[in-house]
Structures are given as C-alpha cells and as structure tokens.
Amino acid sequence: MTATTPLVLFNSLTRQLEPFEPVHPGEARVYTCGPTVYNYPHIGNMRAYVFADVLGRALSHKGYALTHVINITDVGHLTDDADEGEDKMERAAAARAQSIWEVSRHYTEAYWADIAALNIRAPAHWSIATDYVPQMIAFAQTIAAAHCYELPSGLYFDVGSVADYGRLARAQTEEGSGRIDEVAGKRHPADFAIWRRTPAGESRQMEWDSPWGRGAPGWHLECSVMSGQLLGFPFDIHTGGIDHREIHHPNEIAQNQAFCCTGGLDLPANSGARMWLHNNFLVERSGKMSKSSGEFLRLQLLIDRGYHPLAYRMMCLQAQYRSELEFSWDGLGAALTRLKRLVMAVGQLRDRAGDGADRPGPRFADALARFDAAIGDDLNTPVALTVLDEIVAMKKVDPGEKLAAIRVVDAVLGLGLLTLGRVELRLRPKAAVMDDSAIAAVLEQRRAARADKDFARSDALRDELARAGVEVMDGDPLEWDWTPA
Ligand code: AMP
Ligand code: ZN
C-alpha cells in the first residue's frame with residue numbers, strides 16, 4: 001500500500017502537531033518505556049502498548065522500516081517516580097519471599113502473554129535493564145564530571161547543568177514541581193540519582209560495583225542507555241504514558257543532552273529523540289486500576305469474565321490515544337459487540353472469497369485514502385474505525401477485493417479480523433460451571449422449546465444457564481447464543 005498522506009503526530013516536546021520526518025531516510029526508530037515487572041500490568045498500562053503498537057503499525061503502513069524497542073525495567077524503579085521510596089522490585093521480592101529474578105521472570109512472562117493476547121507485534125528488541133548495567137556505568141562515567149555530583153546516597157544528576165530542563169513537563173525549574181522530596185545535599189529539588197549506592201551495612205539482591213560504590217542504577221538512566229545503544233541518538237520517536245511527561249522523560253532528556261554534548265531543546269533532536277509521544281490514561285472511577293487495590297483490572301480478569309482480549313483492544317482504538325478513556329464493563333461489552341459484527345462480516349466474506357484478491361481495487365481507493373488520512377491525523381483510530389465500517393458495508397463490490405481492503409486496514413488496527421473466527425470470540429466466563437458442549441446442548445434444547453412455543457420450558461432452561469454463570473442473549477442480531485455473565 002502506498003501511503004498518500006503524511007503522518008502527523010503530536011510532539012509533547014513542542015506541544016505541536018508535526019509531520020513525521022525520519023532521522024534516517026526510509027526508517028523509523030521508536031523506543032517505548034516498558035513495564036516495571038514487579039506486578040501484573042493493569043489494562044491501563046496495556047493501553048500504552050496498544051498505542052505504541054498502532055504507532056509502529058502506522059509507520060510500517062506508511063512504508064518506513066521500523067525498529068521498535070520496548071524495555072523491561074527489572075531494576076531501579078522506586079516506589080516514587082522521583083527519588084524517594086524503595087526499589088519496586090526489591091520490595092515485591094521481599095513481600096513474596098522470592099528472588100528478584102523469579103519475580104521479574106514471572107511478571108515479564110505475564111506481560112508478554114498480555115502483549116500477545118492484544119495482538120501487539122513483538123518489537124525488534126525487548127531490552128532488559130539488568131543486561132545493560134555495564135553500559136549504564138559507562139554512560140554515567142561519560143557525564144559524571146560535567147553534570148553530576150556525589151552524595152552519600154549515590155551519584156546525582158545536576159539538572160541545572162543542561163539547558164531547558166523540564167521543558168517537556170513545562171515544570172518550574174527553579175522551585176521544582178513541589179512533588180519532589182528533598183534528599184539532603186541535593187543542589188536542586190529536581191536533581192535525581194543516576195546511581196544509588198547501597199547504604200553501608202545493607203545489601204540488595206541486585207547490586208553492582210561502580211566507581212560510585214556498590215549499588216544499582218537509577219530508573220531514568222536505563223532508558224537513556226538502552227534507547228541510545230539500540231537506536232542511536234537522535235532517534236525518531238520516544239513513547240510512554242502521560243505520567244512520564246512529568247519526571248521520567250524530562251530526566252531522560254537531561255541525561256541525553258549531557259551525553260550528546262548538545263545544546264538546548266529548541267532543537268528537539270537534542271533531547272535524544274525527535275518526537276516525544278504520550279498516551280493519555282485509561283481511568284476507572286472505582287479505583288480498580290490501582291495495583292494496590294486487591295483485585296485490579298488485569299487483562300486476565302476481563303478474559304475470566306468472558307470478554308475476548310481483543311475487545312479491549314477495540315475499546316482502546318475507539319478513543320484517540322491522547323484522550324482520556326474511561327473503562328466500564330458496558331463499554332467493553334459494546335466494543336466486543338462491535339468486534340463480533342466485524343468478525344462475522346469478514347467471516348462471511350472469507351467464505352465467499354477465500355483469501356481474497358491481492359489488491360483492493362479502484363472501488364476502495366477513496367475509502368482507503370480516508371483511512372490513510374485518519375491514521376495520518378495523529379493516529380485518529382476512532383475515525384479509522386468508521387471508515388472500516390464503511391468498507392465492510394459496501395455493496396456490489398468484489399468480495400475478494402473487499403477482503404483485500406480490510407486486510408490493509410487491519411494491518412494497522414491489528415484487530416485480527418482476517419484470522420479470528422466468531423467461535424474464538426466466545427469465551428467461557430471463568431464463573432461458568434458448565435463446559436462448552438453442555439452449554440451448547442442446553443441452548444439446543446432451548447431452541448427446540450422455543451420452536452415449539454414452549455416458553456415455560458425455554459425460560460426454565462434459560463434460568464438453568466444463568467445459575468451456571470451463562471447469560472443468554474435473546475434477540476441478539478448477531479445470533480450469538482450467550483454472553484459474558
Ligand atoms: P509502569 O509499569 O508503571 O512503568 O507503567 C507502564 C506504562 O503504562 C507507562 O508508559 C505508563 O505511563 C503507562 N500507564 C500507567 N498507568 C496508565 C493508565 N491508567 N492508562 C494508560 N497508561 C498508563
Ligand atoms: Zn523509560
């Protein structure tokens with residue numbers, strides 16, 4: 001597919017929409033801040049990766065050769081994004097009486113399972129922070145003399161040593177944002193540790209020798225080092241959730257400026273990346289997103305309730321990434337219904353057209369141009385989805401060509417429309433105490449009762465299913481027999 005329109009993206013650094021112009025012609029190099037693997041990701045976290053995936057797919061669609069890196073933070077992220085608190089990994093390991101390595105392996109695998117379930121393409125590199133500690137020490141050595149100072153607790157970055165500190169956050173640089181606690185001896189409240197020395201007499205599960213004593217790297221240092229190593233400064237796009245715009249990314253930028261010996265941020269490339277993109281939050285009013293709230297909103301919880309994970313991807317795509325998105329079970333149900341409609345329509349097309357044509361054909365040129373423009377308009381997926389609906393609804397067109405058009409669209413949206421079957425969308429709620437074949441058998445009896453107009457029996461069978469955790473949807477235009485209870 002030859003893309004016709006430019007890809008315009010909102011650069012948080014300039015607070016402007018800007019056309020994507022690659023640093024290396026024909027290439028796109030993207031770094032995404034990954035999870036801290038001390039717990040399961042919640043679905044809000046996963047919104048950040050759905051967004052990064054759509055961005056990567058859009059870049060591929062526009063013809064760029066994509067190199068995407070997502071890191072895994074298995075050391076260094078404290079319970080506060082500034083420099084206070086405990087290391088999240090050390091704390092989780094202590095609470096579970098497990099080694100940090102076990103904790104990190106378990107949650108990394110859980111995260112990768114969510115990535116796969118959401119049809120998020122694997123990046124070129126998953127960079128694991130603990131694999132890069134020697135490089136982090138080397139990076140810190142390069143900038144230490146001109147930009148850092150030592151305190152008893154470690155090596156600190158002097159934010160006054162670079163131009164335009166905090167521009168990304170639009171934070172006050174003189175007094176700090178007021179949220180950053182003091183560490184005795186810091187020159188400026190926003191100064192941050194790039195190496196945290198292990199206090200005398202203590203030991204950490206994860207610690208390394210360094211010129212500043214035994215200890216562990218700071219979280220911000222990791223991302224500067226891994227992005228620079230794997231993508232080269234300056235690279236094209238750095239992404240993360242909007243919370244990272246306030247502390248983590250301004251600190252990465254300051255380190256990158258120090259490392260590259262470059263000037264101020266009027267030239268965005270001096271920040272280490274040309275563009276900084278941030279997704280807004282998924283919010284949930286009752287607080288179930290918080291990982292400290294017992295049962296929190298993990299993807300697996302959605303699956304256990306009978307929602308296919310791609311319904312959540314659909315829910316994400318129904319909002320533009322820079323808008324806040326409110327989670328609700330009704331909203332998720334509506335997204336599932338929309339996905340089912342598409343999957344059923346595409347299934348019928350596949351029955352008629354097999355694999356479809358190689359190309360969409362001229363009848364689809366207008367719709368595909370509008371799809372391309374929607375994606376080019378700062379990844380406007382809600383509009384892109386309406387164009388997909390239009391394509392699916394087009395009449396008197398060659399089914400094979402229509403399928404080819406849908407293939408072009410789904411390569412960006414990643415809903416799996418060409419491979420999902422309607423039966424796969426029908427997940428059994430975990431609470432259902434009947435197996436699938438028993439449910440199917442009762443539904444068949446109920447169909448027969450209704451055909452005989454024996455509504456008392458039909459209702460009794462419906463109640464039997466409800467007691468077993470399966471809610472029957474009567475009059476479902478999609479002819480789906482049962483729905484998540
Ligand atoms: P963490 O594992 O806490 O570093 O977070 C992983 C990613 O999720 C980061 O890019 C965060 O900015 C992002 N994030 C955290 N909470 C939410 C949320 N509620 N909605 C969207 N993104 C989020
Ligand atoms: Zn990061």
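Residues numbered from 1 in each chain as written. Chains lettered and ligands numbered in written order. Predicted model: local features only at pLDDT ≥ 70, side-chain atom pairs only at ≥ 80, totals over all residues. Heavy atoms only, no water.

**A word on the pairing of strand E7 (residues 154-157)**
For a regular strand, side chains alternate in direction, first toward one face of the sheet and then toward the other.
And then number 1: Inspection of the sheet shows strand E6 (residues 148-151) paired to E7 by four bridges, in the antiparallel sense. For Glu150, the partnering residue across the bridge sits in E7 and is Leu155.
And then number 2: Following E6, the chain reverses through two residues before pairing antiparallel with E7.
And then number 3: With four bridges connecting them, E7 and strand E8 (residues 192-197) associate as antiparallel partners. Within E8, the residue paired with Gly154 across the bridge is Arg196. (Pairing = 2+ DSSP bridges. Helix = DSSP H or I, 4+ residues; strand = E, 2+ residues; numbered from the N terminus.)

**Observations regarding the site of ligand 1**
And then number 1: Taken together, 17 residues are adjacent to ligand 1, and Gly44, Asn45, Gly241, Asp243 and Leu282 come closest.
And then number 2: Here an oxygen atom of ligand 1 and a backbone polar atom of Thr36 are 3.1 Å apart.
And then number 3: The separation between a nitrogen atom of ligand 1 and a polar side-chain atom of Asn279 is 3.3 Å.
And then number 4: Out of a free accessible area of 490 Å², ligand 1 has 93% covered by protein chains.
And then number 5: Mapped onto the shell around ligand 1, the elements with two or more residues apiece are helix H1 (43-61) and strand E10 (235-241). (Near = heavy atom within 4 Å. Polar contact = N/O pair within 3.5 Å; in protein donor to acceptor, adjacent residues only side chain to side chain. Areas by Shrake-Rupley, 256 points an atom, 1.4 Å probe, with all protein chains shown as cover.)

**Details of the packing of helix H11 (residues 381-393) against helix H12 (residues 399-413)**
And then number 1: Axis separation between H11 and H12 bottoms out at 10 Å; the angle between their running directions is 165°. Considered as vectors, H11 and H12 are oriented roughly antiparallel to each other. At the point where H11 passes H12, the crossing takes the left-handed sense. Counting all contacts with H11, which are made through Thr381, Ala384, Leu385, Leu388, Ile391, Val392 and Ala393, the residues of H12 involved are Lys402, Ala405, Ile406, Val409 and Leu413.
And then number 2: Each residue belonging to the contact of H11 with H12 can be placed in one class, and the counts come to ten nonpolar, one polar and one charged. (Axes fitted to C-alpha atoms, helices over the stretch in contact; angles between N-to-C directions. Parallel < 35°, antiparallel > 145°, perpendicular 65-115°, else oblique. Left-handed = near helix turned anticlockwise from the far one by under 90°. Contact = heavy atoms within 4.5 Å. Nonpolar A, V, L, I, M, F, W, Y, C, P; charged D, E, K, R; others polar.)

**Some thoughts on the sheet that holds strand E3 (residues 27-32)**
And then number 1: Spatially, E5-E4-E3-E10-E11 is the arrangement adopted by the five strands of the open sheet, whose pairing is parallel. Of all the strands in the sheet, the pair left with one neighbour each is strand E5 (125-128) and strand E11 (273-279). For this sheet, the mean inter-axis angle between neighbouring strands, taken without regard to orientation, is 20°.
And then number 2: Where strand E4 (residues 65-72) lies against E5, four bridges are found, and the strand directions are parallel. What sits directly across from Val69, in E5, is His125.
And then number 3: In this fold H1 packs onto E3, E4, E10 and E11, with an angle of close to 135° to the strand it touches most, E11.

**Observations regarding the coordination of the zinc ion (ligand 2)**
And then number 1: The protein atoms that coordinate the zinc ion (ligand 2) are Cys33 (SG), Cys223 (SG) and His248 (NE2), at distances spanning 2.0 to 2.2 Å.
And then number 2: Mapped onto the sequence, the residues coordinating the zinc ion (ligand 2) show the spacing C-x189-C-x24-H. A residue pair is termed long-range when its members are at least 10 positions apart, and Cys33 in the loop between E3 and H1 and Cys223 in helix H5 (residues 219-231) qualify at 190 residues. (Donors = N, O, S within 2.8 Å, 3.2 Å for Na, K, Ca; no water.)

Any link to function would need more than the numbers given here.
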